[in-house]
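Now for the letters of each chain:
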Amino acid sequence: MAKIEGLRKLTAQLNKLEATLATKTLRNATRAAMVPTHKKIQALTPIGKKAHRTYKGRLVAPGFLKRSIKLGSRFKDGVASAAIGAKPEAFYGMFLVIGTKKIKARDFFFRIFANDRAGIEKRLIEQLRKRIAKI
């Protein structure tokens, strides 16, 4: 893991805050740092050419996978995390990423994380500084 400058000072400032306020601040900063990455992934998600049925039997229009990619965040056991993924009804998106015998792999997902890791860390620090200063 990369060494992030200024994180120790920000951690000390977070620890001085009330527990619920610190939790909310950290979780929201983590989520905000991932928003640009989420938008990049959504922009590069391939769109089919025809409507199809999901495993639930719903008829969905082309672009369902793109609309199903969501960003979520949580705080559990003292750790804030953010995750980007498709809703369960659009699980077939993983087959586009990893490929199958009949589908060539199209890495529109993991490549973006690898290329944007430094940016995510930088945005996290910026968001934490901004949110702590606001309090």
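Residues numbered from 1 in each chain as written. Predicted model: local features only at pLDDT ≥ 70, side-chain atom pairs only at ≥ 80, totals over all residues. Heavy atoms only, no water.

Visitor: Could you clarify how one ought to interpret the packing of helix 2 (residues 19–44) against helix 5 (residues 110–134) in this entry?
Guide: A pair of packed helices is captured by two measures, namely the crossing angle of their axes and the spacing between those axes. Across the interface, helix 2 lies against helix 5 with an axial gap of 8 Å and an inter-helix angle of 145 degrees. By crossing handedness, the relation of helix 2 to helix 5 is classed as right-handed. Split by residue class, the contact of helix 2 with helix 5 holds 14 nonpolar, five polar and five charged. (Axes fitted to C-alpha atoms, helices over the stretch in contact; angles between N-to-C directions. Helix = DSSP H or I, 4+ residues; strand = E, 2+ residues; numbered from the N terminus. Left-handed = near helix turned anticlockwise from the far one by under 90°. Nonpolar A, V, L, I, M, F, W, Y, C, P; charged D, E, K, R; others polar.)

Visitor: Explain the layout of surface pockets to me, please; I cannot follow it from the model alone.
Guide: Taken as a whole, the second largest pocket spans an internal volume of roughly 230 Å³. For the second largest pocket, the lining is made up of 14 residues, of which Ile47, Gly48, Lys49, His52 and Tyr92 are closest to its centre. Here the residues of the lining of the second largest pocket are counted per class, giving eight nonpolar, three polar and three charged. (1 Å grid on protein atoms, 1.4 Å probe; cavity = no way out; pocket = protein on both sides within 12 Å on 5 of 7 lines; lining within 4 Å. Points joined across faces, edges and corners; volume = space filled by probe spheres on them.)

Visitor: Help me understand the pairing of strand 3 (residues 69–76), please; the structure alone is not making it clear to me.
Guide: Consecutive side chains of a regular strand alternate in pointing toward one face of the sheet and then the other. With eight bridges joining them, strand 3 and strand 4 (residues 79–86) adopt antiparallel strand pairing. Bridging from a neighbouring strand, lysine 76 pairs with valine 79 of strand 4. The antiparallel hairpin formed by strand 3 and strand 4 contains two residues in its connecting segment, where aspartate 77 sits at a positive phi of about 55 degrees. (Pairing = 2+ DSSP bridges.)

Visitor: Looking at this structure, how should I read helix 5?
Guide: An α-helical turn contains 3.6 residues, so a residue and the one three or four places further along point in the same direction. Given a rise of 1.5 Å per residue, 25 residues ought to cover 36 Å, and the 34 Å separating the end C-alpha atoms of helix 5 matches this to within 8%. Approximately 60 degrees is the largest bend angle found in helix 5, and it occurs at aspartate 116. Of the positions making up helix 5, those classed as buried are Ile112, Asp116, Gly119, Ile120, Glu121, Arg123, Ile125, Gln127, Leu128 and Ile132. On its buried side, helix 5 packs onto helix 1 (7–16) and helix 2. (Expected span 1.5 Å × (residues − 1). Bend = angle between axes of the 7 residues up to and from the residue. Buried < 20%, exposed > 50% of the residue type's maximum accessible area, 1.4 Å probe, protein only. Contact = heavy atoms within 4.5 Å.)

Visitor: Looking at this model, I keep getting lost on the nonpolar core. Mind explaining?
Guide: Soluble globular proteins tend to pack their nonpolar side chains together in the buried interior. Of all hydrophobic cores here, the largest spans 15 residues; its most connected members are Met34, Ile41, Leu65, Ile69, Ile84, Phe108 and Phe109. Elements supplying a minimum of two residues to this core: helix 2, helix 3 (64–68), strand 3, helix 4 (93–98) and helix 5. Once residues within four sequence positions are removed from consideration, leucine 65 is found in contact with Thr45, Ala86, Ala90, Tyr92, Gly93, Leu96 and Phe108. Ranked by size, the runner-up nonpolar core spans eight residues in total, among them Leu10, Ala29, Ile125 and Leu128. (Core = buried A, V, L, I, M, F, W, Y, C linked by side-chain atoms within 4.5 Å.)

Visitor: Honestly, the side chain of threonine 54 in this entry has me stumped. Any pointers?
Guide: With respect to the helices and strands, threonine 54 occurs in the loop between strand 1 (52–53) and strand 2 (59–60). By relative accessible area, threonine 54 is classed as buried at 8%. A polar contact of 2.6 Å, which involves the side chain of threonine 54, links it to the side chain of glutamate 89. Discounting residues that sit within four places of it in the chain, threonine 54 has contacts with Val60, Phe64 and Glu89. (Polar contact = N/O pair within 3.5 Å; in protein donor to acceptor, adjacent residues only side chain to side chain.)

Visitor: Sorry if this is basic, but what is going on with the pattern of salt bridges here?
Guide: Pairing between side chains of opposite charge can happen when their charged atoms approach one another. One pass over the full model with this rule turns up four salt bridges. In this structure, lysine 40 and aspartate 116 form a salt bridge, with 3.4 Å as the shortest nitrogen-oxygen distance. In this pair, lysine 40 is assigned in helix 2 and aspartate 116 in helix 5, connecting sequence segments 76 residues apart. Residue lysine 40 is classed as partly exposed on the basis of its relative accessible area, which comes to 40%. Note that arginine 58 and glutamate 89 form a salt bridge whose closest N and O atoms lie 3.0 Å from each other. You can see arginine 58 sitting in the loop between strand 1 and strand 2 and its partner glutamate 89 sitting in the loop between strand 4 and helix 4, a full 31 residues away along the chain. Using a relative accessible area of 43% as the deciding quantity, one classes arginine 58 as partly exposed. (Salt bridge = Lys/Arg side-chain N within 4 Å of Asp/Glu carboxyl O.)

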